[in-house]
Amino acid sequence: MRELPARVGVDLSEEILVLCLTHRSFAYENNLSENNERLEFLGDAVLGVIVTDELYRKHPQAAEGELAKLRSAIVNSRALAEVARAIGLGEFLLLGNGEEITGGRDKSSILADALEALLGAIYLEHGLAKTSEVILKLFAPIIENSFDLGAALDWKTSLSEVVFSKKMGSIDYQISESGPDHDKDFTAQVIIKKEIFGTGSGKSKKTAEQNAAKVAFDKLKEL
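Throughout this description, residue numbers start from 1 for each chain and increase along the sequence as written. For a predicted model such as this one, the threshold for reporting local features is a pLDDT of at least 70, and the threshold for listing and counting side-chain atom pairs is 80 or more; totals across whole chains, interfaces and linings nevertheless cover every residue. As a rule here, side-chain values come from all non-hydrogen atoms in the structure, and water together with hydrogens is ignored.

Caption draft 1: Structural view of the overall build of the protein chain. Per the secondary structure count, the protein chain includes twelve helices and three strands. It is over C-alpha atoms that the radius of gyration is taken, and the globule rule equals 2.2 Å times the number of residues to the power 0.38. Taken over C-alpha atoms, the radius of gyration comes to 22 Å for the protein chain, far larger than the 17 Å a tight globule of 223 residues would show. The C-alpha extent of the protein chain, read off along each of the three principal axes, is 65 × 45 × 25 Å. Burial classification: accessible surface area is computed with a 1.4 Å probe over protein chains only, and a residue below 20% of its type maximum counts as buried, one above 50% as exposed, and the rest as partly exposed. For the protein chain, with 223 residues in total, the buried portion stands at 41%. In what follows, residue pairs with any heavy atoms lying within 4.5 Å of each other are defined as contacts. In the protein chain, of all internal contacts separated by at least 6 residues, the share reaching a separation of at least 24 is 54%. Computed with the Shrake-Rupley method and a 1.4 Å probe, the accessible areas treat only the protein chains shown as cover for residues. Summed over all atoms, the accessible surface of the protein chain reaches about 12,300 Å², with 52% contributed by carbon and sulfur. Each charge class in the protein chain was averaged separately, 26 positive and 35 negative side chains, and the resulting centres sit 7 Å apart. Working definition: helices are DSSP H or I runs of at least four residues, strands are E runs of at least two. Numbering for both runs from the N terminus. Charge assignment in this entry is limited to Lys and Arg as positive and Asp and Glu as negative, and neither His nor the chain termini are counted. Each charge is placed at NZ for Lys, CZ for Arg, CG for Asp and CD for Glu.

Caption draft 2: Summary view of the packing of aromatic side chains. Ring geometry is summarised as follows: Phe, Tyr and Trp rings, the Trp one being its six-membered ring, pair when their centres sit within 6.5 Å, and such pairs are stacked at plane angles under 30 degrees, edge-to-face over 60 and tilted between the two. In total, this model carries one aromatic pair according to the counting rule given. Directly above the ring of Y173 sits K156, whose terminal nitrogen or CZ lies 4.6 Å from the centroid. Here the basic side chain of K219 rests over the ring of F197, its NZ or CZ set 4.9 Å away from the ring centre. Distance and angle both matter: a charge sits over a ring if NZ of Lys or CZ of Arg is within 6 Å of the ring centre and within 35 degrees of the ring normal.

Caption draft 3: Local environment of the packing of helix α6 (residues 77–86) against helix α8 (residues 108–138). Angles run from 0 to 180 degrees between N-to-C directions of axes, and those axes are lines fitted to C-alpha atoms, restricted for helices to the stretch in contact. In the contact formed by α6 and α8, the axes pass within 8 Å of each other and the chain directions differ by 75°. Judged by the inter-axis angle, α6 sits roughly perpendicular to α8. In this structure, α6 uses S77, L80, A81, V83, A84 and R85 to contact α8, whose residues at the interface are S108, L111, A112, L115, E116 and L138. By definition in this entry, angles of less than 35 degrees are roughly parallel, angles greater than 145 are roughly antiparallel, angles of 65 to 115 are roughly perpendicular, and the rest are oblique.

Caption draft 4: Expanded view of unusual backbone geometry. In this structure, N31 is a non-glycine residue whose phi angle is positive, near 55°. Within the secondary structure, N31 sits in the loop between α3 (24–29) and α4 (37–58). Residue classification places N31 among the exposed positions, given a relative accessible area of 71%. Here K167, not a glycine, exhibits a phi torsion of approximately 55°, which is positive.

Caption draft 5: How the structure looks around the pairing of strand β2 (residues 185–192). Taken together, the eight bridges between strand β1 (residues 171–178) and β2 define a ladder with antiparallel strand orientation. Among the inter-strand pairings, Y173 is bridged to a residue of β2, identified as V190. With antiparallel pairing between neighbouring strands as the criterion, β1 and β2 make up a hairpin whose turn holds six residues, including G179 at a positive phi of roughly 95°. Strands are treated as partners if at least two bridges between them are detected by DSSP. Of the pairings in the sheet, the one linking β2 to strand β3 (residues 195–202) comprises seven bridges and is antiparallel in character. Counted as the bridge partner of V190 is G198 from β3.

Caption draft 6: How the structure looks around the nonpolar core. Counting residues in hydrophobic clusters, the biggest one holds 44 residues, and the most contacted among them are L89, L115, L118 and F139. Looking at this core, the elements with two or more residues in it are α1 (3–8), α2 (14–21), α4, α5 (64–74), α6, α8 and α9 (140–144). Here the element with the most residues in this core is α8; it accounts for 13 residues. If we ignore the near neighbours within four places in the chain, the residues touching L89 are L4, L21, A84, L111, A114 and L115. Here, nonpolar core refers to any group of buried Ala, Val, Leu, Ile, Met, Phe, Trp, Tyr and Cys residues whose side-chain atoms link them within 4.5 Å.

Caption draft 7: Representation of the pattern of salt bridges within the structure. Basic side-chain nitrogens of Lys or Arg form a salt bridge, by our definition, when they fall within 4 Å of a carboxyl oxygen of Asp or Glu. As enumerated under the stated definition, the model contains 19 salt bridges in all. We note a salt bridge from E144 to K58, for which the minimum N-O separation is 3.9 Å. Linking E144 in helix α9 with K58 in helix α4, this pair joins segments that are 86 residues apart in sequence. Here E144 falls in the exposed class, since its relative accessible area comes to 57%.

Here it is as structure tokens:
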């Protein structure tokens, strides 16, 4: 267990290290009065502040809506779990038998919560400056790619923003479908200025439109 602090470049007392790794399932099965949920709550708040501050400084021209989108691309369960897997956090968790046998060590929700608890523990013992240093190091690749990740949260909205910024007019989505009623396939085309900028398919109209919007977004970024 002592290997974990070394992986993130800090030292932690044994008491708080054990606490931040204690999942509620382990605490319940072993009649413990505490688990890592309070630290998770604290770490979530600290992470939000540090990421928001970094994005605010890194993108001085970005509007509030764009900053919110970038933050959402970084501070979410998928991204947190990705960082947790990169440092091998799962192997150190204290889990109950039920979570252990159902693959809890690699569950994104558990990993994300445990990472926030770890950040909360670092904040308590080392303060904001050191926690900021750790977060910016661990999340550097995700922060660097946050624009593309943020766009991926909603390709249609992201495409609309690019089209508006380039003063290209309106966007039209043309949908076609095929297959039986119980198993339809949909294809969407993005039409801008009477030109097809992207085509995408999916099992629903929404998915097809999102996939087509991604193709169009990538194409417009290169123009």
